[in-house]
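Letter by letter, the chains look like this.
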Amino acid sequence: MNREKYYEMIGGDGTLDYEIYLNTHSLLSCQKPYDALANHDELQFQIVHQVEELWMKLMAFTLLEIDDYMAERQSNRVLTLFRRVHLLQQHLISQIALLETMSPKEYQEIRLQLGNGSGQESPGFRTLLKMAPELWDTFERVYLTGDGKSVDDIYDGGYDHGDGFMVAEAMADFDELFQRFRYHHIQLIHRSIGLDAKSLKGRPVEILQNGLKSQFYPALWSVRGRMTDNWGASYGREREALGATSDGSGIKAH
Ligand code: HEM
């Protein structure tokens with residue numbers, strides 16, 4: 001096939017309404033020129049990062065709306081928009097897997113192109129990290145303090161599957177998917193440069209490990225352990241085997 005012809009064609013000429021509205025000319029010029037690529041995998045490397053930045057931009061924009069709707073207690077809106085954010089997070093996770101089709105050897109060549117660039121400098125990621133705790137503040141003000149409830153009330157004592165519970169679960173999904181991204185990202189590093197490389201020792205690996213441990217909304221996770229302990233207290237630490245109780249539930253009759 002004629003490479004030059006198709007390179008030109010894929011760039012478009014930018015004059016049709018579709019191209020003008022979507023600004024395709026600028027969009028498709030955001031990658032290195034073909035003849036400057038370190039190897040054939042570098043285009044994928046740039047595009048995956050650029051697309052992920054775009055999804056994070058949309059996530060951040062959507063989270064701002066969620067915050068406004070939470071403040072107005074428009075819970076259905078909040079839930080619909082959280083569904084969008086969760087899907088975007090799933091895109092972030094599934095799309096980094098594209099980079100697993102790049103061999104470790106080819107990545108070494110690309111790596112030389114990055115200067116001191118680091119994922120930590122990602123404007124999208126940095127923005128999301130800042131926004132997450134502010135969302136909690138609004139949730140707490142509206143659905144906890146505003147309703148005179150605690151997280152334990154919403155999940156256990158006063159559990160009614162109401163708005164507070166639904167929004168809390170959407171926030172837990174957001175938190176969990178963020179963690180899942182971090183986990184998959186570490187797997188990607190493991191696969192492309194190895195986690196025991198000398199250049200990763202110290203701070204970089206610490207950053208990644210600390211990230212894996214951090215939760216945005218610890219109160220939404222700790223409540224589950226408390227509930228298990230509270231319920232467990234009613235039948236003791238150790239349960240009978242299912243066959244050992246008359247009704248097969250494993251819970252002794254009191
Ligand atoms: C082969 C591909 C990749 C490699 C080898 C890689 C490697 C790394 C390493 C070593 C770090 C630790 C900090 C540092 O040294 O800068 C890091 C951080 C980071 N990377 Fe990647 N990365 C890759 C792809 C991606 C992609 C596609 C994204 C998408 C946005 C991304 C986003 C991030 C973010 C957000 C951080 C900061 C993490 C945090 O603070 O918890 N990386 N990356």
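As a convention, each chain's residues are numbered from 1 in the sequence order in which they are written. Since the coordinates come from a predicted model, pLDDT governs what is reported: local features require at least 70, and pairs of side-chain atoms require 80 or more to be given and counted, while whole-chain, interface and lining totals use all residues. The basis for every side-chain value is the complete set of non-hydrogen atoms in the structure, without hydrogens or water.

Further remarks concern the layout of surface pockets. Here the term cavity refers to a set of points on a 1 Å grid, laid over the protein atoms alone, in which a 1.4 Å probe fits but cannot get out; the term pocket refers to an open set having protein on both sides within 12 Å along at least five of seven lines, with lining residues being those that place an atom within 4 Å of a point. Grid points are joined across faces, edges and corners, and a volume is the space filled by probe spheres set on the points. What the largest pocket holds in volume is close to 1,500 Å³. Residue lining of the largest pocket: 44 residues in total, with His 49, Ser 118, Gly 119, Gln 120 and His 185 positioned closest to the centre. At the level of elements, helix H4 (42-71), helix H6 (104-111), helix H7 (123-144), helix H9 (163-192) and helix H10 (203-213) are the ones that each hand at least two residues to the lining of the largest pocket. Starting at the N terminus, helices and strands are each numbered in turn, a helix being any DSSP run of H or I of at least four residues and a strand any DSSP run of E of at least two. If you tally residues by element for the lining of the largest pocket, the top one is H4, at 9 residues. A breakdown of the residues in the lining of the largest pocket according to their chemical character gives 20 nonpolar, 15 polar and 9 charged. In this structure, the second largest pocket occupies an estimated 570 Å³ of space. Lining the second largest pocket are 22 residues, with Leu 27, Leu 28, Ser 29, Cys 30 and Gln 31 sitting closest to its centre. Looking at the lining of the second largest pocket, the elements with two or more residues in it are helix H1 (3-11), helix H2 (17-22), helix H3 (24-27) and H4. Classifying every residue of the lining of the second largest pocket by side-chain character gives 12 nonpolar, 7 polar and 3 charged. When residues of the lining of the second largest pocket are sorted by domain, at least three fall in each of domain 1 (10-38) and domain 2 (40-110 + 120-224). All residues other than Ala, Val, Leu, Ile, Met, Phe, Trp, Tyr, Cys, Pro, Asp, Glu, Lys and Arg, Gly among them, are scored as polar; the first ten of these are nonpolar and the last four charged. Where each domain starts and ends comes from a domain assignment, either automatic or drawn from a database.

In the vicinity of the ligand there are 22 residues, among which His 49, Ser 118, Phe 125, His 185 and Leu 200 approach most closely. Between N or O atoms, a polar contact is any pair within 3.5 Å; within protein, one atom must be a potential hydrogen donor and the other a potential acceptor, and residues adjacent in sequence are included only when both atoms are from side chains. A distance of 2.5 Å separates an oxygen atom of the ligand from a polar side-chain atom of Ser 118. Between the ligand and His 185 there is a distance of 2.8 Å, counted from a nitrogen atom to a side-chain nitrogen or oxygen. Just a note on the criterion: a molecule sits in a pocket or cavity if more than half of its atoms are within 2 Å of the grid points. In this structure the site holding the ligand corresponds to the largest pocket. Looking at the shell around the ligand, the element that brings in the most residues is H9, giving 5 residues. Broken down by class, the residue content of the shell around the ligand amounts to 14 nonpolar, 6 polar and 2 charged. By convention in this text, a residue qualifies as near a molecule or strand provided that one of its non-hydrogen atoms is within 4 Å of it.

Here a helix's expected span is defined as the number of its residues, less one, multiplied by 1.5 Å. Taking 1.5 Å of rise per residue, the 30 residues of H9 would be expected to cover 44 Å, and the 43 Å separating its terminal C-alpha atoms lies within 8% of that figure. Phi for Gly 194, located one or two positions after H9, is positive at around 80°.

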